[in-house]
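Listed below are the residues making up each chain.
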Amino acid sequence: MALYQIVDRKCLGCGECLPRCPFQAIAIQDGIASVNAGCRACGACVEACPEKAIIRLETMRDDIDKTQWKGLLVVAETLGGRLHPVSLELLGKALALRQGAEPVNAAVIGQDVGDCAETLRAYGADTVYVYDDPAFSFFRADAFCACAEDCVRAMKPSVALIGATALGRSLAPRLATRFATGLTADCTSLQVRQDGSLIQIRPAFGGNIMAQIVTPFTRPQFATVRYKVMDAPARMEAPRGVILNRRIPPKALRSPILHGHTQPIPQAASICDAQVLVAAGRGLQKKSDLDMIRELAALLGGQHAVSRPLVEMGWESNLKQIGLSGRTVKPRLLIACGISGAIQFTASMDSSERIIAINRDPDAPIFKTAHIGLVGDLYAILPELINLIRKGSRQ
C-alpha cells in the first residue's frame, strides 16, 4: 500500500492529474493539487504529473519469512450441521493449486460438525481441524474468528480460502486484519506462481477489467471465492486424511454477543442451484414480457433470471439477478435473452455447461461467451420456441 504527497514547490496547478484519477481523489486548491480521502493508491496521478510533483511514500512494513508458511487452508462453512457446497468447491481448487507435497487442510467450526469433518476428509483434505461446541450453534463473528485464527496460527498456511457468502464476508476481513495481511474478495479465478504467490483474479473498476492481485510481503494470503465458481473434487474411495479436534480458544467462549432466538428463513428455490435458467436482459420492452421468460423456463423445468438493468428498473428481485452484484450461477443450460453480455454478467455465468444467446445485435459481447448464438429478435424466436416445446410435450 502506498501514500502520496504533493510537493508544493514543484506543483504548477496545471490539472493534468485530475482526469487521470479514476476516483476523483485530486482537487486543485489555491493553485496547488491536493489528494483527498478518496485516494486508492493506484498510482495513475504519479505518471500523469509532468513536473513529477506527486511522490509515492511507501509505508513501513516488516517482511516475514515466507518459508515458514506452507500449504493451503480452507475455512469451511456449515449451517445446521450441514456443509455448505462452496466449501467443497474451495477444497477442489486448493487441491489443484497445491505444489508438490504441500498439505491441503480444512477448518470446520460449529456444533455437531463431525459428519462435515468426515466429508471434508473424504474429498481430499489432509487434516481437518474441528472446533465443535454448543456455543457455535449459530454464527458469531468474534467467536468463529478466534477459532479460525487459532487454526491459522497452528498450521501457518501460505494460502487461506473462504467462501464469499454472508458468513465468509464477515469472517475473512477480521482474519486478515488479525494477521495484518491482504485479502482479495469475490475472486473468480485463482492461480499460483512457482514462488508460492497466489494470483487472485477478480473483476475491478465496475467489472471493466480483470485485476490480478498478489500479496507479496505478508502471509497468509487470504481470498474469498463465490459459490458456483470452482469445481468440487471427486470423492475418494479410501480417504487418507485425519481429523483433529482442537481445544476451543478461551476468548471464543467469552463473546459479548448474546443469542436471543433464531427465526429460520423459509427455504426458497435459488437460481444458484438451478440446472436450467432462462435469463432476460435490457432487450425486454416491458415488465409483462417477463411472463414469456417465466413460461419458457417452466417448460424446460428450470427457473427464470434477469440481468442487473431489470432489477434496477424494479421488474424483478435481486434474488433473481445474475452478475457481480447478484448471484453466480453454473447451470447445465442457460438461455440468455436480450442480454448484451457485459463482463459484470458473463463473469458470473461463463462456467455454465451450455450457453445459448439470443440477441439481434451480431456484435453483442454475449456471443463471445455463448456456445450457440442466435442473431434475431427474441420476440420472434421465443414464441416459436415455446410452441415447439408445447407440441413436443403433447406428442
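Look a little higher up for the structure.
Residues numbered from 1 in each chain as written. Predicted model: local features only at pLDDT ≥ 70, side-chain atom pairs only at ≥ 80, totals over all residues. Heavy atoms only, no water.

Notes on the overall build of the protein
Broken down by element type, the protein carries 10 helices and 21 strands. Dimensions of the protein, computed from the C-alpha atoms along their principal axes, are close to 70 × 65 × 45 Å. The buried share of the protein, taken over its 395 residues, is 47%. Intrachain contacts of the protein at a sequence separation of at least 6 include 64% that bridge at least 24 residues. Summing over all exposed atoms, the protein offers an accessible surface of approximately 20,300 Å²; the carbon and sulfur share of this is 51%. Taking the 45 positively charged and 37 negatively charged side chains of the protein as two groups, their mean positions are separated by 1 Å. (Helix = DSSP H or I, 4+ residues; strand = E, 2+ residues; numbered from the N terminus. Buried < 20%, exposed > 50% of the residue type's maximum accessible area, 1.4 Å probe, protein only. Contact = heavy atoms within 4.5 Å. Areas by Shrake-Rupley, 256 points an atom, 1.4 Å probe, with all protein chains shown as cover. Lys, Arg positive; Asp, Glu negative; His and termini not counted. Charge placed at Lys NZ, Arg CZ, Asp CG, Glu CD.)

Regarding the sheet that holds strand β12 (residues 189-192)
Taken together, 3 strands build an open sheet; the order of strands is β12-β13-β14 and the sheet is antiparallel. If you trace the sheet from one side to the other, it starts and ends with β12 and β14 (209-213), each paired once. This sheet shows a mean twist of 25° between the axes of neighbouring strands, independent of strand direction. Where β12 meets strand β13 (residues 198-204), 4 bridges bridge the pair, whose relative direction is antiparallel. What sits directly across from V192, in β13, is L198. (Pairing = 2+ DSSP bridges. Axes fitted to C-alpha atoms, helices over the stretch in contact; angles between N-to-C directions.)

Quick word on the sheet that holds strand β17 (residues 276-280)
With parallel pairing, the 5 strands of this open sheet are ordered in space as β18-β17-β19-β20-β21. At either end of the open sheet lies a strand with only one pairing partner, and these are β18 (303-306) and β21 (372-375). Adjacent strand axes in the sheet meet at a mean angle of 15°, parallel and antiparallel pairs treated alike. Looking at chain direction, β17 and strand β19 (residues 333-337) are connected through 5 bridges and run parallel. Note on β19: the bridge partner recorded for A280 is C337.

A few points about the nonpolar core
Counting residues in each nonpolar core, the largest one holds 33 residues, and the members touching the most others are L91, V108, L120, V128, L161, L190 and V225. Here this core gets 6 residues from one element, more than from any other, and that element is helix α2 (residues 85-97). If we skip the residues at most four places from it in the chain, L161 touches L73, V74, V75, L90, A94, L190 and A223. (Core = buried A, V, L, I, M, F, W, Y, C linked by side-chain atoms within 4.5 Å.)

Observations regarding unusual backbone geometry
Only a minority of non-glycine residues have a phi that is not negative, and only a minority of peptide bonds are not trans. Looking along the chain, the bond that leaves R219 and enters P220 is cis, with omega of 0°. Along the chain, the position of P220 falls in the loop between β14 and β15 (221-225). Here Q24, not a glycine, exhibits a phi torsion of approximately 50°, which is positive. Inspection of the secondary structure puts Q24 in the loop between β1 (2-6) and β2 (26-29). Residue class for Q24 comes out exposed when judged on its relative accessible area of 61%. At D112, a residue that is not glycine, the phi angle is positive and equals roughly 55°. As for its placement among the helices and strands, D112 is situated in the loop between β8 (104-110) and α3 (114-122). Relative accessible area serves as the criterion here: at 58%, D112 is assigned to the exposed category.

Quick look at the pattern of salt bridges
Under the counting rule described, the total for this entry stands at 15 salt bridges. When the shortest N-O distance is used, the salt bridge between K251 and E149 registers 3.1 Å. Of this pair, K251 sits in the loop between β16 (242-245) and β17 while E149 sits in helix α4 (residues 141-155), and the two are 102 residues apart along the sequence. On the accessibility criterion, E149 (7% relative accessible area) is buried. What emerges from the salt-bridge pattern is a single network uniting E149, R153, R178 and K251. (Salt bridge = Lys/Arg side-chain N within 4 Å of Asp/Glu carboxyl O.)

Comments concerning a nonpolar patch on the surface
The grouping of F23, F205 and I209 at the surface amounts to a nonpolar patch, some 250 Å² of accessible area in total. Mapped onto the elements, F23 comes out in the loop between β1 and β2. On the basis of relative accessible area, F23 is assigned to the partly exposed category, the value being 31%. (Patch = residues over 30% accessible without salt bridge, like charges linked within 9 Å, V, L, I, M, F, W, Y side chains within 5 Å.)

What to know about the state of the cysteines
Within this structure, the stated rule accounts for 0 disulfides. Not engaged in a disulfide, the cysteine C39 finds its nearest cysteine sulfur in C45; these two sulfurs lie 6.3 Å apart. (Disulfide = S-S within 2.5 Å.)

Observations regarding the environment of L97
Along the chain, L97 falls in helix α2. Residues L97 and Q191, spaced 94 residues apart in sequence, show a C-alpha to C-alpha distance of 6.8 Å. For L97, the contacting residues outside a window of four places in its chain are L72, L190, Q191, V192 and L198.

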